[in-house]
Amino acid sequence: MDVSSKVLNELAQREAALDAQIEAAREEARQVIAAAEAQAAQIMQQAEAQARQMSAEHEQKLSAEVGQIRETAGADARTQAQATRDLAEDKLGHAVETIMRAVLP
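Residues numbered from 1 in each chain as written. Predicted model: local features only at pLDDT ≥ 70, side-chain atom pairs only at ≥ 80, totals over all residues. Heavy atoms only, no water.

Details of the overall build of the chain
Part 1: Tallying secondary structure elements over the chain gives one helix and zero strands in all.
Part 2: Seen through its principal axes, the chain has C-alpha atoms that stretch 150 × 15 × 10 Å.
Part 3: Within the span of the chain, comprising 105 residues, buried residues form 1% of the whole.
Part 4: Of the charged side chains in the chain, 11 are positive and 18 negative; the average position of the first set lies 6 Å away from that of the second. (Helix = DSSP H or I, 4+ residues; strand = E, 2+ residues; numbered from the N terminus. Buried < 20%, exposed > 50% of the residue type's maximum accessible area, 1.4 Å probe, protein only. Lys, Arg positive; Asp, Glu negative; His and termini not counted. Charge placed at Lys NZ, Arg CZ, Asp CG, Glu CD.)

This is how it looks when you write it as structure tokens:
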């Protein structure tokens, strides 16, 4: 009985040691997972901040381009309007001249 008690005692000690190793490995795994989750959260925050910044820059650029297009279109419209007025004035002048020739001897 003494030998089997020793064997059982040794087996119990080995089992306890293995249980301790398993628990230590589990704790280490929990810590690694927690660190990975924290790093992932930080990466997500950085990515979201970068996306917001890029979106704001894009909106600024788009707004500037729209403003430039409007300014160019406005200038073109003013130029065309002035050309139309000039042409209308010329035609009016010719019409008045034609009418004056027809009416006056």
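There's plenty left to go through after this.
Quick look at a nonpolar patch on the surface
Part 1: Together, Leu-92, Val-96, Ile-99, Met-100, Val-103 and Leu-104 make up a nonpolar patch on the protein surface, roughly 580 Å² of accessible area in all.
Part 2: With respect to the helices and strands, the residue Leu-104 is situated in the segment after α1 (2-103). (Patch = residues over 30% accessible without salt bridge, like charges linked within 9 Å, V, L, I, M, F, W, Y side chains within 5 Å. Areas by Shrake-Rupley, 256 points an atom, 1.4 Å probe, with all protein chains shown as cover. Salt bridge = Lys/Arg side-chain N within 4 Å of Asp/Glu carboxyl O.)

Remarks on the pattern of salt bridges
Part 1: By the definition in use, this model includes five salt bridges.
Part 2: When the shortest N-O distance is used, the salt bridge between Glu-23 and Arg-26 registers 4.0 Å. Taken as a pair, Glu-23 and Arg-26 lie in helix α1 at a separation of three residues, close to a single helical turn.
Part 3: Judged by relative accessible area, which is 38%, Glu-23 ranks as partly exposed.
Part 4: The exposure class assigned to Arg-26 is partly exposed, which follows from its relative accessible area of 48%.
Part 5: In this structure, Glu-27 and Arg-30 form a salt bridge, with 2.9 Å as the shortest nitrogen-oxygen distance. Within this pair, Glu-27 and its partner Arg-30 are both found in helix α1, separated by three residues, close to a single helical turn.
Part 6: With relative accessibility at 35%, the residue Glu-27 sits in the partly exposed group.
Part 7: In this structure, a network of salt bridges that share partners links the residues Glu-23, Arg-26, Glu-27 and Arg-30.

Quick look at the environment of Gln-21
Part 1: Residue position: Gln-21 is located in helix α1.
Part 2: The spacing of Gln-21 and Ala-36 is 15 residues in sequence and 22 Å in space, taken between C-alpha atoms.

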